Amino acid sequence: MTYRSSLAALMSGIALAAVTAATPAAAQGSPGGTLRLLAKAAAGTIDPHINYTLQYFQINYMLYDGLVTFRKAGDETGFDVVADLAEALPEPENDGRTYTFKLRDGIKFSDGSDLTAADVLASFQRIFKVSGPTAGTFYNGIVGADACIAAPADCTLDGGVVIDEAAGTVTINLTAPDGEFLQKIAIPHAAILPAETPIKDMGTDPVPGSGPYMIESYNPNERLKMVRNPHFEEWSAEAQPAGFPDEIDYDFGLTEEAAVTAIQNGQADWMFDPPPPDRLAEIGTKYADQAFVHPLTAMWYAPMNTNLAPFDDVRVRQAVNYAIDRSAIVKLFGGSSLAQPACQILPPGFPSYEPYCPYTVGEGGSWSAPDMAKARALVEESGTAGQEVTIIAEDNTVSRAIGVYLQDVLTELGYKAKVQAISQNIQFTYIQNTNNNVQISISQWFQDYPSPSNFLQVLFGCASFTPGSDASVNISGFCDEAIDAKMAEAVSLTLSDPEASAALWTEVDRDVTDAAPAAVLFTPKRVDFVSSRVKNFMFSPQFYWIINQSWVE
């Protein structure tokens, strides 16, 4: 998922504390009060089947439930999939092609209606009918999905999702074994919504959910207001714990500078955007116990359109990779304490990660310095020097700065480069749509779940590329049939031979890195700055801050 960052820390050497564990136990807190969140901008639609941003993934877990979810925990067990609307995790049947879920009794939506098996079937159909961004990657293995992708409006998933209303069961049949299937339906895109939810992007209109909170109102220019779901009763503390705040207000529009001041003054409790550079020293010294830094499994990268000149030539894409000084970009982001250079797709610490960086001076698994001689030679071979290139960046400090840096790199390589910065509220959808003819852009990717396919297959698989769509997360338009087949084989081996699958993903990581549909820039860390009112800051490796498990004093 993308991050929607508006500003990162720009100052190196700041003494921010690295905190990895939660503070007091949740039992010490008291329900009540209003938690006040800030972001420079909203993150677009609040439709949980469509929005693909970290900013709203982080709140959708409080609003909606799937058949399964990730454990709400402030340690590595936060990566574990647990039963949610289902009574228990199902055992795979039919050699991993079939999963049967028994729904819990008595769960209601926030409008008071009962959640039934029919809602589950309608929700899976709706994922395809609204052309959800992961329909073609996460859920295309469900029987009948191919027909749904070809003709979304007529989607039935006949034989793929089979319900028994009387028994309260849902059986999902896959075309092939998929060891990641439970992880894929644990993310918000598989949220179960009322069957009568309209088949369209709901935009600013709230959709009833089954979580402890519901959206009361949403104005992307002002506020997203969440209040308690009056029909919620906790059924699983590890899957969907009851929240502490009575109300959660998410306000938009303040600059990062103003947000830091508001938090310091107790006028707000947290900011989504990283603190700005000129405040980090102050935060790291005077407010160290309110600042939390965590390494992330994520990347900032520059997708290059493999279907548009000059990046339809692999030599040009590799030249850009050779020419980028990743240490310089890390400094733009905040220095080595907040990011580290990278040039391969999988981030450090991720499953199947093995250090690999062909785009550096000398040999070695990690990046050390740019190799301009190789870069210039590749551009000369391609015969593309002199062409015009436009870099699409978000209209914020860091993205623009990286854009200007890339402009300098491309200019040095002989291109006529310029930067176009557009609103961060629309940049992610803009760069995905082939109709906009984006050549190169700046984006970020944060894991949906801890499997290598979530970076490699989602971002660079043929099924992720949908021309003319705002939800085509394969921004590069990269589609290599041989690599795609290797990805499919790695997925198929997940259950039967996990070691072979892991090794194959390592090969795919190298294959995609060599093909260079993107230039990976660095892996970031997350900085959270909270008010002194916030207690029990719990950081999950999957969700990041578990917002409703904090209370305010």
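Residues numbered from 1 in each chain as written. Predicted model: local features only at pLDDT ≥ 70, side-chain atom pairs only at ≥ 80, totals over all residues. Heavy atoms only, no water.

Trainee: Help me understand the overall build of the protein in this model?
Mentor: Of the regular secondary structure elements, the protein holds 14 helices and 22 strands. Taking the principal axes of its C-alpha atoms as reference, the protein extends roughly 70 × 55 × 40 Å. Contacts in the protein between residues far apart in sequence, at least 24 positions, make up 73% of those at least 6 positions apart. In the protein, 33 positive and 67 negative side-chain charges are present, and the distance between their average locations comes to 7 Å. (Helix = DSSP H or I, 4+ residues; strand = E, 2+ residues; numbered from the N terminus. Contact = heavy atoms within 4.5 Å. Lys, Arg positive; Asp, Glu negative; His and termini not counted. Charge placed at Lys NZ, Arg CZ, Asp CG, Glu CD.)

Trainee: Honestly, the pattern of salt bridges in this entry has me stumped. Any pointers?
Mentor: Between side chains of opposite charge, pairing is possible as soon as their charged atoms come close. Applying the stated criterion across every chain yields a total of 21 salt bridges. The salt bridge partner of Asp80 is Arg71, with a shortest N-O separation of 3.4 Å. The partly exposed category is assigned to Arg71, whose relative accessible area is 22%. In this structure, the salt-bridge partner of Asp511 is Lys486, at a minimum N-O distance of 2.9 Å. Of the two residues, Asp511 is situated in helix α14 (residues 498-515) and Lys486 in helix α13 (residues 481-496); the sequence distance between them amounts to 25 residues. (Salt bridge = Lys/Arg side-chain N within 4 Å of Asp/Glu carboxyl O. Buried < 20%, exposed > 50% of the residue type's maximum accessible area, 1.4 Å probe, protein only.)

Trainee: I tried to follow the side chain of Ser550 on my own but got confused; where do I start?
Mentor: The residue Ser550 is located in the loop between β21 (544-545) and β22 (551-552) in this model. Only 2.9 Å separates the side chain of Ser550 from the backbone oxygen of Asn536, close enough to count as a polar contact. In this view, Ser550 contacts Phe244, Pro245, Val534, Lys535, Asn536, Phe537, Met538 and Trp545; residues no more than four positions away in its chain are not counted. (Polar contact = N/O pair within 3.5 Å; in protein donor to acceptor, adjacent residues only side chain to side chain.)

Trainee: Please clarify how helix α5 (residues 256-264) should be interpreted in this entry.
Mentor: At 3.6 residues per turn, the α-helix brings residues three or four places apart onto the same side. Three or more residues of α5 are buried, namely Glu256, Ala259, Val260, Ala262, Ile263 and Gln264. Following α5 by one or two positions, Gly266 adopts a phi angle in the positive range, close to 75°.

Trainee: Is there a simple way to think about the packing of helix α12 (residues 453-460) against α13 in this case?
Mentor: Packed helices, taken two at a time, are described by the angle their axes make and the gap between the axes. At their nearest, the axes of α12 and α13 sit 11 Å apart, and the two run at 140° to each other. You can see that α12 and α13 cross each other, and the crossing is left-handed. Along its contact with α12, which presents Leu456, Gln457 and Phe460, the element α13 presents Asp484, Met487, Ala488 and Val491. The residue inventory of the contact of α12 with α13, partitioned by class, reads 5 nonpolar, 1 polar and 1 charged. (Axes fitted to C-alpha atoms, helices over the stretch in contact; angles between N-to-C directions. Left-handed = near helix turned anticlockwise from the far one by under 90°. Nonpolar A, V, L, I, M, F, W, Y, C, P; charged D, E, K, R; others polar.)

Trainee: Would you take a moment to explain the side chain of Ser236 for this structure?
Mentor: Structurally, Ser236 is set in the loop between β8 (223-228) and β9 (247-252). Residue classification places Ser236 among the buried residues on the basis of a relative accessible area of 10%. Here Ala239 takes part through its backbone nitrogen, which lies 3.2 Å from a polar atom of the side chain of Ser236. With near-sequence residues (within four places) excluded, Ser236 lies in contact with Ala83, Arg104 and Pro241.

Trainee: So what exactly am I meant to see when it comes to the sheet that holds strand β6 (residues 169-173) here?
Mentor: Backbone-to-backbone hydrogen bonds join strands into a sheet, with any given pair of strands oriented parallel or antiparallel. Ordered by their spatial adjacency, 3 strands build an open sheet running β4-β6-β5, and the pairing between neighbours is antiparallel. Looking at which strands have only one partner, the edges of the open sheet turn out to be β4 (98-102) and β5 (161-164). Direction aside, neighbouring strands of the sheet carry axes that sit 15° apart on average. Contacting β5 and β6, helix α2 (residues 117-129) crosses the sheet at an angle of about 165° to β5. (Pairing = 2+ DSSP bridges.)

Trainee: When you look at the sheet that holds strand β14 (residues 388-394) in this model, what are you seeing that I'm missing?
Mentor: Here we have 3 strands laid out as an open sheet, ordered β15-β14-β16, and parallel in their pairing. Bordering the open sheet on either side are β15 (416-422) and β16 (440-441), each of which pairs with just one other strand. In this structure, β14 lies alongside β16, joined through 2 bridges in parallel fashion. Within β16, the position partnered with Ile391 by the bridge is Ile440.

Trainee: How do you make sense of the nonpolar core when you look at a structure like this?
Mentor: Note on soluble globular proteins: their nonpolar side chains tend to be buried together. If you look at the biggest cluster of nonpolar residues, it comprises 77 residues, and the most contacted ones within it are Phe124, Ile142, Ile172 and Ile185. Element by element, the count of residues in this core is highest for α2, at 6 residues. Phe124 has contacts with Leu67, Ile142, Leu157, Val161, Ile172, Ile185 and Ile192, leaving out every residue within four places of it along the chain. Formed by 40 residues, the second largest nonpolar core is a distinct cluster that contains Val320, Val379, Ala393 and Ala516. (Core = buried A, V, L, I, M, F, W, Y, C linked by side-chain atoms within 4.5 Å.)

Trainee: Would you explain the confidence of the model for the protein in this entry?
Mentor: When pLDDT is low, close inspection of the predicted coordinates is not appropriate. Per-chain confidence: the protein averages 92 in pLDDT, with 95% of residues scoring 70 or above. Segment residues 4-26 is flagged for pLDDT under 50; beyond a separation of four residues in sequence, or across chains, it makes 93 contacts in the model. (pLDDT = per-residue confidence, 0-100.)

Trainee: When you look at the state of the cysteines in this model, what are you seeing that I'm missing?
Mentor: As used in these notes, a disulfide is a covalent bond between sulfur atoms, one from each of two cysteines. Taken as a whole and judged by the stated rule, the model has 3 disulfides. Each sulfur in the disulfide pair Cys148 and Cys155 lies 2.1 Å from the other. Linking Cys148 and Cys155, the disulfide has an S-S dihedral of approximately 75° and is accordingly described as right-handed. You'll find Cys148 and Cys155 in the same group, each marked buried. Each sulfur in the disulfide pair Cys343 and Cys357 lies 2.0 Å from the other. Taken as a pair, Cys343 in the loop between β13 (339-341) and α9 (372-382) and Cys357 in the loop between β13 and α9 lie far apart in primary sequence, 14 residues in all. Listing the disulfide partners of the protein by sequence rank of the bonded cysteines yields 1-2, 3-4, 5-6. (Disulfide = S-S within 2.5 Å.)

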